Amino acid sequence: SISELLPYRTYNVDVYARNSAGKGANSNVSFRTNIDYPDKPTGVYTGNKTASSLLINWAKADHFNGPTKYMVLINDLTNGSIIIPPCTTAVGDWTDKLSTECNVPGLDAYWKYDIVVEAITFDERVGELTKSSEKKTFITAE
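Definitions and cut-offs
Residues numbered from 1 in each chain as written. Predicted model: local features only at pLDDT ≥ 70, side-chain atom pairs only at ≥ 80, totals over all residues. Heavy atoms only, no water. Helix = DSSP H or I, 4+ residues; strand = E, 2+ residues; numbered from the N terminus. Polar contact = N/O pair within 3.5 Å; in protein donor to acceptor, adjacent residues only side chain to side chain. Salt bridge = Lys/Arg side-chain N within 4 Å of Asp/Glu carboxyl O. Buried < 20%, exposed > 50% of the residue type's maximum accessible area, 1.4 Å probe, protein only. UniProt positions renumbered as here; feature names shortened; annotations may be inferred. Core = buried A, V, L, I, M, F, W, Y, C linked by side-chain atoms within 4.5 Å. Contact = heavy atoms within 4.5 Å. Phe/Tyr/Trp six-rings, centres within 6.5 Å; stacked < 30°, edge-to-face > 60°. Lys NZ or Arg CZ within 6 Å of the ring centre and 35° of its normal.

*Asks:* Residue-level account of the side chain of Thr68, with values.
*Replies:* Checked against the element boundaries, Thr68 lands in strand 7 (residues 68-76). At a separation of 2.7 Å, a polar atom in the side chain of Thr68 contacts the main-chain carbonyl oxygen of Gly66.

*Asks:* Break down the pattern of salt bridges for me, citing the residues and quoting the values.
*Replies:* Close approach of charged atoms lets side chains of opposite charge pair. By the definition in use, this model includes four salt bridges. For the salt bridge of Arg32 with Asp123, the shortest nitrogen-to-oxygen distance reads 2.6 Å. On the criterion of sequence distance, the pair formed by Arg32 in strand 4 (residues 27-32) and Asp123 in strand 10 (residues 112-123) is long-range, its members being 91 residues apart. For Glu134, the salt bridge is made with Lys40, and the minimal N-O distance between the two is 2.5 Å. With a gap of 94 residues between them, Glu134 in the loop between strand 11 (127-132) and strand 12 (136-139) and Lys40 in the loop between strand 4 and strand 5 (45-49) connect regions that are remote in the sequence. The exposure class of Lys40 is partly exposed, given its relative accessible area of 37%. Three or more residues joined by partner-sharing salt bridges are found here, namely Arg32, Asp123 and Arg125.

*Asks:* Mind laying out the UniProt feature "domain: Fibronectin type-III" (unreviewed entry) in the chain, listing which residues take part and the relevant values?
*Replies:* Following the UniProt record, one finds the feature "domain: Fibronectin type-III" (unreviewed entry) at residues 1-38. Between the C-alpha atoms that bound residues 1-38 there is a distance of 25 Å. The span itself is 0% helix and 42% strand.

*Asks:* So what's going on with the nonpolar core? Residues and values would help.
*Replies:* The biggest cluster of nonpolar side chains holds 20 residues, and the ones touching the most others in it are Ile56, Trp58, Val72 and Ile74. Sorting the residues of this core by element identifies strand 6 (54-57), strand 7, strand 9 (101-104) and strand 10 as the ones contributing at least two each. The element contributing the most residues to this core is strand 10, with four residues. For Trp58, the residues in contact, after removing those within four places along its chain, are Thr42, Gly43, Val44, Tyr70, Val72, Thr89, Ser99, Thr100, Glu101, Cys102 and Val117.

*Asks:* Before we move on, could you go through the environment of Asn28 and cite the residues and values that matter?
*Replies:* Position of Asn28 relative to the elements: it lies in strand 4. For Asn28, a relative accessible area of 51% puts it in the exposed group. Along the chain, Asn28 and Tyr16 lie twelve residues apart, while their C-alpha atoms are 8.8 Å from each other. Sequence-distant contacts of Asn28, defined by excluding residues within four places in its chain, comprise Asn12, Val13 and Asp14. For Asn28, the side chain forms a polar contact with the side chain of Asp14, separated by 3.0 Å.

*Asks:* If you had to explain the packing of aromatic side chains to someone new, which residues and values would you point to?
*Replies:* Applying the stated criterion across every chain yields a total of four aromatic pairs. Between the aromatic rings of Tyr8 and Phe64, the centroid separation amounts to 6.3 Å while the plane-to-plane angle is 70 degrees, which identifies the pairing as edge-to-face. Separated by 56 residues along the polypeptide, Tyr8 in the segment before strand 1 (10-15) and Phe64 in the loop between strand 6 and strand 7 bring together distant segments of the chain. Given a relative accessible area of 22%, Tyr8 falls into the partly exposed group. Using a relative accessible area of 2% as the deciding quantity, one classes Phe64 as buried. On the basis of an interplanar angle of 50 degrees and a centroid distance of 4.9 Å, the ring pair of Phe64 and Trp94 is categorised as tilted. With a gap of 30 residues between them, Phe64 in the loop between strand 6 and strand 7 and Trp94 in the loop between strand 8 (87-88) and strand 9 connect regions that are remote in the sequence. Residue Trp94 is classed as partly exposed on the basis of its relative accessible area of 39%. Site record: aromatic cluster; members linked through ring pairs are Tyr8, Phe64 and Trp94. Taking NZ or CZ as reference, Lys23 lies 4.5 Å from the ring centre of Tyr16, over its face.

Have a look at this one:
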């Protein structure tokens, strides 16, 4: 048993048998560990805001637990029945490729919106794993 392996990493292991007669031939085994839940998005704030858009930012994840994309979910606080399409980032395939912002266009001027940022990892073997930020309220510019 091998323990303390990091998620979504490829490992190469040399395996051989040993007994009183000595060591047998090596066999190299390669495997990739499963994805894990992404880091919860933290430090959510709005960088640039206009009358019709919000640039939502968050802190860079500390750990890479598999290919990760982010979705910014927007809720109109005045009229909750209005459907606002989420802002979705590209999939980052390593820590330095993970997104830390998403621009949300098509909003109303000087309007309150609840924002939640979801981090999502996905793998065919495991499926989709999601962690969400705390809900924050932002107001567009006048």
